[in-house]
Amino acid sequence: MSVEKKVFDSAKQAIEKLYSVEILDSQIQIGKTKKDFEGDLTLVVFPLLRISKKGAEQTAEEIGAKMLEDTSIFENFNVVKGFLNFSIKTSVWLSQFNKWLNTSKFGYAKNDTDKTLMVEYSSPNTNKPLHLGHLRNNFLGYSVAEILKANGHNVIKTQIVNDRGIHICKSMLAWKMFGNGETPQSSGLKGDHLIGKYYVAFDKAFKKEVANLIANGMEAKEAEKSTKILAQAQEMLQKWEAEDEEVRALWKTMNGWVYEGFETTYKNMGVDFDALYYESETYLVGKKVVEEGLEKGVFYKKEDNSVWCDLSHEKFDDKLLLRGDGTSVYMTQDIGTALLRYKDYPNLSGLIYTVGNEQNHHFKVLFAILKKLGYDWASGCYHLSYGMVELPEGKMKSREGTVVDADDLMESLTNDAKNAATERGRIEEMSTQEKEELFRTIGMGGLKYFLLKVDPKKKMMFNPQESIELNGNTGPFVQYTYARTQSIINTEPNFSKTINETIILEPIEKEVLKIIAEFPSAIKEAGENYSPALIANFVYELAKSYNSFYQSVSIFKEEDKAKKTFRIALSYQVGNVIKNALSLLGIKAPQQM
RNA sequence: GCCUCCGUAGUUCAAUGGAUAGAACAAGAGUUUCCUAAACUUUAGAUGCAAGUUCGAUUCUUGCCGGAGGCACCA
C-alpha cells in the first residue's frame with residue numbers, strides 16, 4: 001500500500017471516529033506538501049468544516065492529533081491555516097523503497113486481459129510525405145498506446161491509410177503528364193517525396209490553368225470548376241472506382257512507392273502498427289452499411305438520389321452519406337472502417353481515434369450516426385483530439401510550402417545531437433555505429449519529448465529558426481540523468497537491494513523518494529487523461545531532483561556503508577523509473593552520453 | 001450568421017477550486033582539486049479586461065476585448 005493511501009485511510013478513520021459520521025472519499029483531499037512548508041503530505045481541512053462545525057485550525061489540530069495517536073507512520077504534524085501537514089517517518093519511506101527495489105515493473109498496473117482497446121493514429125494520405133503535424137500525431141498515439149498497456153490493458157495499434165480519392169488521382173495524373181516515367185530508383189527520391197512532388201505539380205498546373213481562364217474573362221469561381229486538368233483527375237477517379245486496369249495498376253505502383261517511403265519514416269520515428277486498414281477497402285463496407293441503413297429507414301434519400309442522416313435530435317445539421325451519383329464521402333468510409341474493426345475484434349471495449357481537433361465536429365457526428373445505426377459499441381469510441389502544431393507564421397499549409405517535413409526534421413535533430421555530443425559527450429571509446437545510434441537516440445528523444453511534454457489538447461508552437469532546445473526541460477536532459485545513474489551502477493554493480501530502514505536521510509534524498517512514489521499515480525492519470533504530458537512532467541521532476549541530489553551528496557565517498565548502499569540503490573531505482581517513463585513516451589534511455 | 005476551443009513572465013510550457021501561481025529558454029551573479037558541468041546554486045520577471053459565485057478563483061458563471069478552428073455533394 002502506498003504512503004498516500006495509508007494517510008488517506010488514516011484520515012478517513014480519524015474523521016469518522018471524531019465526528020461520528022460517514023464521509024465520502026471525495027471529501028478527503030490529500031496532496032504533496034508545498035515545498036515552503038514543513039511536511040510530506042497535506043490534508044486540506046476546509047471541506048470538513050461543515051462536519052466538524054469548528055474553525056479550520058482547530059479542526060486540523062483535532063484530526064492531526066487523532067491520526068498521530070491511531071497510526072504509527074507519522075513523525076509529527078503541523079497546521080497552517082486549514083492545511084494539515086504530516087511528516088512521515090523516514091523508516092516508512094525506506095520500507096516502501098525496499099519494496100520498489102524488488103518489484104519488477106514498479107508503477108505498472110496488473111494486466112487485466114479482458115480489456116482490449118484499439119488506438120488509431122497516423123492515418124496519412126498517400127499523396128505526400130509526412131510532416132511535423134504527423135509527428136505529433138504519431139508520437140502521441142504511440143505513447144498513449146504504451147501508457148494504456150502500462151495501465152494493464154491490451155492494446156491494438158492501428159491506422160487507416162487514406163489511399164484513394166481525388167487527391168490521390170491528382171498526384172497520379174500529374175505524374176503521367178509531367179513525370180516522364182520517373183521512379184524512386186531513377187530519381188533517387190524517397191517514394192513518398194516523389195509522389196509529393198507531383199501533388200504539388202498538379203496544384204501548380206491547376207492554378208496556371210485557372211489564371212488563364214480568368215485572363216480570358218471567366219469568373220474566378222467558375223474558372224476553378226472548369227479546368228481541364230481537374231476534369232481529367234475526376235475522370236481518373238471514376239475509372240479507379242470502375243476498377244479500370246490501367247488506372248489500378250498505376251495506383252498500385254505509385255502507392256507502393258509511398259508505402260516504401262513511409263516504412264522508412266515510421267522506422268525512424270520508432271512507431272509501429274498491429275493492424276492496418278485501407279480506405280480503398282473500407283469505403284465499400286461503408287457504402288453497404290449506408291444502403292442497409294437506408295432500407296431500415298435510419299437514413300433518407302433526397303430527390304437527387306443523395307443519401308442523408310437526420311441528426312436534428314443531436315442538434316447537428318443533416319449529414320450527407322452518399323452523393324447523388326452514388327459515390328461515398330469521408331464519413332461513409334469512417335463508418336465502414338469502424339464497423340470492420342469491431343467485426344475483426346469483437347471484444348474491443350474501446351476505439352480511440354488520434355486525430356486533430358479540427359475534426360472535433362466530424363467525430364461527434366460519426367459517433368452519433370453509429371449510435372443511430374444501433375451499434376452499442378459506439379459509446380466506446382473516443383476522439384483523442386489534439387491541438388495543431390503552429391509555426392510562427394501560422395498554420396502549416398502543404399500547398400503553400402510552409403510545411404516542416406518529418407524526414408528533414410528528424411535528420412536535422414540527429415545532426416544537432418551529433419554536434420552536441422561530439423562537443424560535450426563521453427563517447428570517445430564508442431564505435432562509429434554506437435555513436436550513430438546514440439545521436440539518433442538523443443535527437444529523437446529531444447524531438448519526441450518536445451512534442452509530448454505539452455498537454456495534447458492544446459495547440460503548440462514550433463519555431464524552426466530556433467530549432468529544438470537540447471538543454472533545460474528536454475528529452476536529452478532526462479536522458480543525461482539516466483546516463484548518470486548508469487554510471488553509478490556500473491561502478492558498483494553488485495550493491496545490496498536491501499536497505500537498512502533506520503538510516504537518516506538528507507532532505508533531498510527524501511524528496512527523491514517522494515517523487516518516485518508518485519510514479520504509479522502518474523501512469524494512472526496519464527492513462528485516464530490520455531496524456532503523455534503527465535508522464536513527461538513527472539519524469540522531468542524526478543530527473544531534476546536526482547540531479548540536485550547528485551550535486552549535493554557524495555555517493556562513493558560516503559563512509560557510512562548503509563548510507564552509501566542506499567544512495568547507489570536510489571540511483572538504480574531512479575534509473576529504472578526514468579527508463580520506464582521514457583519508454584512510455586517512446587524515448588530510449590542511453591547507457592552513456 | 002451559428003457553434004466549439006484558447007488568452008499565464010520577453011518567449012515556450014506547468015498548476016484534481018486550495019497555501020507565497022511552478023519550470024525551461026533568453027538576461028544577471030556564482031559553483032570543477034570530488035561519482036558525467038548536456039549538471040547544480042542564485043537574482044529579477046506573469047494570470048487580457050470587468051463583474052459574479054465561494055472561506056478560497058489561473059481554474060466555475062456572465063459580459064467585453066483578442067486569437068484559432070468548425071458548420072461543405074473537400075479529405
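Okay, so let's go over this structure. Throughout this document, residue positions are counted from 1 along each chain, in the order its sequence is written. Ligands are numbered from 1 and chains lettered from A, in the order in which they are written. The predicted origin of the model limits local features to residues at a pLDDT of at least 70 and limits the giving and counting of side-chain atom pairs to 80 or more, whereas totals for whole chains, interfaces and linings rest on all residues. The side-chain figures draw on all heavy atoms in the structure; neither hydrogens nor water molecules are used.

## Things to note about the pattern of salt bridges
Item 1. The rule for a salt bridge is simple: a side-chain nitrogen of Lys or Arg has to be within 4 Å of a carboxyl oxygen of Asp or Glu. The full count for this structure, using the stated rule, is 26 salt bridges.
Item 2. For Glu182, the salt bridge identified is with Lys197, shortest N-O distance 3.1 Å. A residue pair is termed long-range when its members are at least 10 positions apart, and Glu182 in the loop between helix H6 (166-178) and helix H7 (184-187) and Lys197 in helix H8 (residues 191-215) qualify at 15 residues.
Item 3. The exposure class of Lys197 is partly exposed, given its relative accessible area of 38%. Numbering of helices and strands runs from the N terminus; a helix is a DSSP stretch of H or I covering at least four residues, while a strand is a stretch of E covering at least two. Working definition: with a 1.4 Å probe on protein chains only, accessible area under 20% of the residue-type maximum means buried, over 50% means exposed, and in between means partly exposed.

## Observations regarding the sheet that holds strand S12 (residues 381-386)
Item 1. The sheet built from five strands is open, its strands ordered S7-S6-S5-S11-S12 with parallel pairing. A strand with exactly one partner marks an edge of an open sheet, and here the two such strands are strand S7 (275-278) and S12. Averaged over all adjacent pairs, the angle separating strand axes in this sheet is 25°, with direction ignored.
Item 2. Paired strands, as defined in this entry, are two strands with at least two bridges between them according to DSSP. Relative to strand S11 (residues 348-356), strand S5 (residues 116-120) runs parallel, the two sharing five bridges. Structural elements are reduced to axes, namely lines fitted to C-alpha atoms, with helices fitted over the stretch in contact, and the angle between N-to-C directions of any two is expressed from 0 to 180 degrees.

## What to know about the pairing of S12
Item 1. With five of six residues buried, S12 lies mostly within the body of the structure.
Item 2. Examined bridge by bridge, S11 and S12 share six bridges and lie parallel to one another. Residue pairing across strands places Val355 opposite Ser385, the latter belonging to S12.
Item 3. Seen with its strands pointing away from the viewer, a crossover is right-handed when the path leading from the first strand over the helix to the second is clockwise. With respect to chirality, the unit in which S11 leads through helix H14 (residues 360-372) into the neighbouring parallel S12 is right-handed.

## Here's the deal with the sheet that holds strand S14 (residues 394-395)
Item 1. Strand order in the open sheet formed by three strands is S14-S13-S15, with mixed pairing between adjacent strands. The sheet terminates laterally at S14 and strand S15 (460-461), the two strands that pair on one side only.

## Re the protein's contact with RNA strand B
Item 1. Within the structure, RNA strand B sits among 64 residues, and Phe83, Asp304, Tyr480, Arg484 and Ser487 are positioned closest to it.
Item 2. Sugar and phosphate atoms constitute 60% of the interface atoms of RNA strand B, taking the interface as everything within 4 Å of the protein.
Item 3. Under the rule applied, a polar contact is a pair of N or O atoms within 3.5 Å (in protein, one hydrogen donor and one hydrogen acceptor; residues adjacent in sequence only if both atoms are side-chain atoms). Lys81 is positioned with one of its side-chain polar atoms (N or O) 3.3 Å from a phosphate oxygen of RNA strand B.
Item 4. Within the contact set of RNA strand B, a base nitrogen lies 2.6 Å away from a backbone nitrogen or oxygen of Tyr550.
Item 5. Those elements that place two or more of their residues in the surface near RNA strand B are strand S2 (41-44), strand S4 (83-88), helix H15 (406-424), S15, helix H17 (475-491) and helix H20 (532-552).
Item 6. Ranked by residue count, the leading element in the surface near RNA strand B is H20, at seven residues.
Item 7. Each residue gets one of three labels, nonpolar for Ala, Val, Leu, Ile, Met, Phe, Trp, Tyr, Cys and Pro, charged for Asp, Glu, Lys and Arg, and polar for the others, Gly among them. Tallied by class, residues from the surface near RNA strand B come to 25 nonpolar, 20 polar and 19 charged. Proximity criterion: a residue is near a molecule or strand once any of its heavy atoms comes within 4 Å of it.

## With respect to the side chain of Arg248
Item 1. Summarising the element assignment, Arg248 is placed in helix H11 (residues 245-269).
Item 2. Although Arg248 is buried, it makes no salt bridge; Glu243 carries the closest opposite charge, 4.4 Å away.
Item 3. Apart from the residues lying within four places of it in its own chain, the contact partners of Arg248 are Trp240, Glu241 and Glu243. Residues scored as charged are limited to Lys and Arg (positive) and Asp and Glu (negative), so that His and the chain ends carry no count. Residues are treated as being in contact if the distance between any of their heavy atoms lies within 4.5 Å.

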